[in-house]
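The chain contents come next:
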Amino acid sequence: NFWSLLLKSLEEWKPDIIAFSVISDNYRWTLDLARDAKKLTGAKIVFGGVHPTSVPGRTLEEGTPDFIVVGEAEEAFPELARTLTAGKDPSGIANVGGRSDGKIWLNPPRPLIKDLDRLPFPDKDLFYRECALLVKKSYMIAASRGCNYSCSYCWNSMIRKVYPEGFFRRRSPENAVAELEWAKARYGIERVTFYDEVFTSDRSWLEKFLEAYRRRVGLPFFCCVHPDNIDEATVKLLEDSGCGAVNIGVQTASQALR
């Protein structure tokens, strides 16, 4: 089965570090897999993602992960890997938590990366090589991070405790379109799924982006919208640019808003 095949591959590979992106839904499954992988390989286990960011102390108390990365990890995780490879003490790395001499430590986050355009495009070759039929249909991309709203059921209400200011950021229209052009040429994608929390929250950005998207990408797409940021003109703009469906969140306890 999948579990056995995965553990066999890890045993043959013998990695030094095994890292997991953990949400609450897959937390128990990840713990079980991490325990088995650790026994077979002796690798250091690192948890990152929404769950350890939400409850870092409880995640470390469980004992299986050697380290966690809280918040954004583009800079923190490579620094942790380099430090462990060099055999040095990682306890001073921002965004990172761990255990030393039986005691838990957790460091505050480093400043956010304000300019998302300076990040490289994500390397998705593994997914397109191993499961092309599943991922070719729709390429997943986020042209922004965070959200201007703080709905209690959503992780954006929690992440504000880690980053009280400035967590919401957008990539430039040019940068996001350039990634999609690259993905279209490299992977032959047929659709685009935008994972922005509210794709339509900035009308000026949206108009600039969709004008370039129509000319240079021209694929059908899906996005998420919010009742405050959608009207007939915006629907027409989305439709004319290739949007075939949207997801709209209306979860609220307020009868007036509903």
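Residues numbered from 1 in each chain as written. Predicted model: local features only at pLDDT ≥ 70, side-chain atom pairs only at ≥ 80, totals over all residues. Heavy atoms only, no water.

Right, let's talk about the overall build of the protein chain for a bit. Of regular secondary structure, the protein chain possesses 11 helices and 11 strands. Over its C-alpha atoms, taken along the principal directions, the protein chain stretches across nearly 60 × 45 × 35 Å. Counting every position in the protein chain, which comprises 258 residues, the buried fraction comes to 40%. Taking the contacts inside the protein chain whose residues are at least 6 apart along the sequence as the reference set, 63% of them involve residues at least 24 apart. Where the 35 positive side-chain charges of the protein chain centre and where its 35 negative ones centre are 2 Å apart. (Helix = DSSP H or I, 4+ residues; strand = E, 2+ residues; numbered from the N terminus. Buried < 20%, exposed > 50% of the residue type's maximum accessible area, 1.4 Å probe, protein only. Contact = heavy atoms within 4.5 Å. Lys, Arg positive; Asp, Glu negative; His and termini not counted. Charge placed at Lys NZ, Arg CZ, Asp CG, Glu CD.)

Glancing now at helix α2 (residues 27-41). In this model α2 runs 21 Å from its N-terminal to its C-terminal C-alpha over 15 residues, within 8% of the 21 Å that 1.5 Å per residue would give. Within α2, burial applies to Tyr27, Thr30, Leu31, Leu33, Ala34, Ala37 and Thr41. Turning to α2, the residues buried within the fold contact α1 (2-13), β1 (17-21), β2 (44-48), α3 (50-54) and α4 (56-61). (Expected span 1.5 Å × (residues − 1).)

This brings us to the pairing of strand β10 (residues 221-225). Consecutive side chains of a regular strand alternate in pointing toward one face of the sheet and then the other. Within β10, four of the five residues are buried, which leaves the element mostly enclosed by the surrounding structure. Of the pairings in the sheet, the one linking strand β9 (residues 192-194) to β10 comprises two bridges and is parallel in character. The residue of β10 that forms the bridge with Val192 is Phe221. As a crossover connection, the stretch from β9 through helix α10 (residues 203-216) into β10 is right-handed. One ladder, built from five bridges, connects β10 with strand β11 (residues 243-248); its direction is parallel. Each bridged residue has a counterpart across the sheet, and for Cys224 the counterpart in β11 is Asn247. (Pairing = 2+ DSSP bridges. Right-handed = clockwise from strand over helix to strand, strands pointing away.)

Our next topic: the nonpolar core. Counting residues in each nonpolar core, the largest one holds 27 residues, and the members touching the most others are Phe194, Phe199, Phe209 and Phe221. Where this core is concerned, the elements lending two or more residues are β6 (139-141), α9 (173-187), β9, α10, β10 and α11 (232-240). The biggest single contributor to this core is α10, with six residues. If you look at the next biggest cluster of nonpolar residues, it comprises 22 residues, including Phe20, Leu31, Leu60 and Leu112. (Core = buried A, V, L, I, M, F, W, Y, C linked by side-chain atoms within 4.5 Å.)

As a further point, take the sheet that holds β11. Strand order in the open sheet made by the four strands is β6-β9-β10-β11, with parallel pairing throughout. For this open sheet the edge positions go to β6 and β11, each flanked by a neighbour on one side alone. Looking at each pair of strands side by side, their axes are set apart by 20° on average, direction ignored. Direction of pairing for β6 relative to β9: parallel, over a ladder of three bridges. When the sheet's bridge partners are listed, Tyr139 is paired in β9 with Val192. Across the sheet, α9 touches β6 and β9, and the angle it forms with β6 is around 160°. (Axes fitted to C-alpha atoms, helices over the stretch in contact; angles between N-to-C directions.)

Let's shift gears to the sheet that holds strand β4 (residues 96-100). Taken in spatial order, the five strands of this open sheet run β1-β2-β3-β4-β5, and their pairing is mixed. What marks the edges here is a single partner per strand, and that holds for β1 and β5 (103-106). Across the sheet, the mean angle separating the axes of adjacent strands is 20° when strand polarity is ignored. Summarising the sheet, β4 and β5 pair through four bridges and their orientation is antiparallel. The partner of Gly97 across the bridge, within β5, is Leu106. Across the sheet, α2 lies against β1 and β2, angled at about 160° from β2, the strand it touches most.

Aromatic ring pairs are described here by two measures, namely the spacing of the ring centres and the angle between the planes. Within this structure, the stated rule accounts for 18 aromatic pairs. Taken together, a centroid distance of 5.9 Å and an interplanar angle of 90° make the contact between Phe199 and Phe209 edge-to-face. Within this pair, whereas Phe199 is found in the loop between β9 and α10, its partner Phe209 is found in helix α10, the two being separated by 10 residues in sequence. Through successive ring pairs, a cluster of aromatic residues spans Phe194, Phe199, Trp205, Phe209, Tyr213 and Phe221. For Lys124, the ring lying beneath its charged end belongs to Tyr139, and the centroid distance is 4.0 Å. Taking NZ or CZ as reference, Arg169 lies 4.9 Å from the ring centre of Phe167, over its face. (Phe/Tyr/Trp six-rings, centres within 6.5 Å; stacked < 30°, edge-to-face > 60°. Lys NZ or Arg CZ within 6 Å of the ring centre and 35° of its normal.)

Attention shifts here to unusual backbone geometry. With phi around 50°, Lys14 is a residue other than glycine that occupies positive phi space. Mapped onto the fold, Lys14 is located in the loop between α1 and β1. Here Asp101, not a glycine, exhibits a phi torsion of approximately 55°, which is positive. On the basis of relative accessibility, which here comes to 81%, the residue Asp101 falls in the exposed class.

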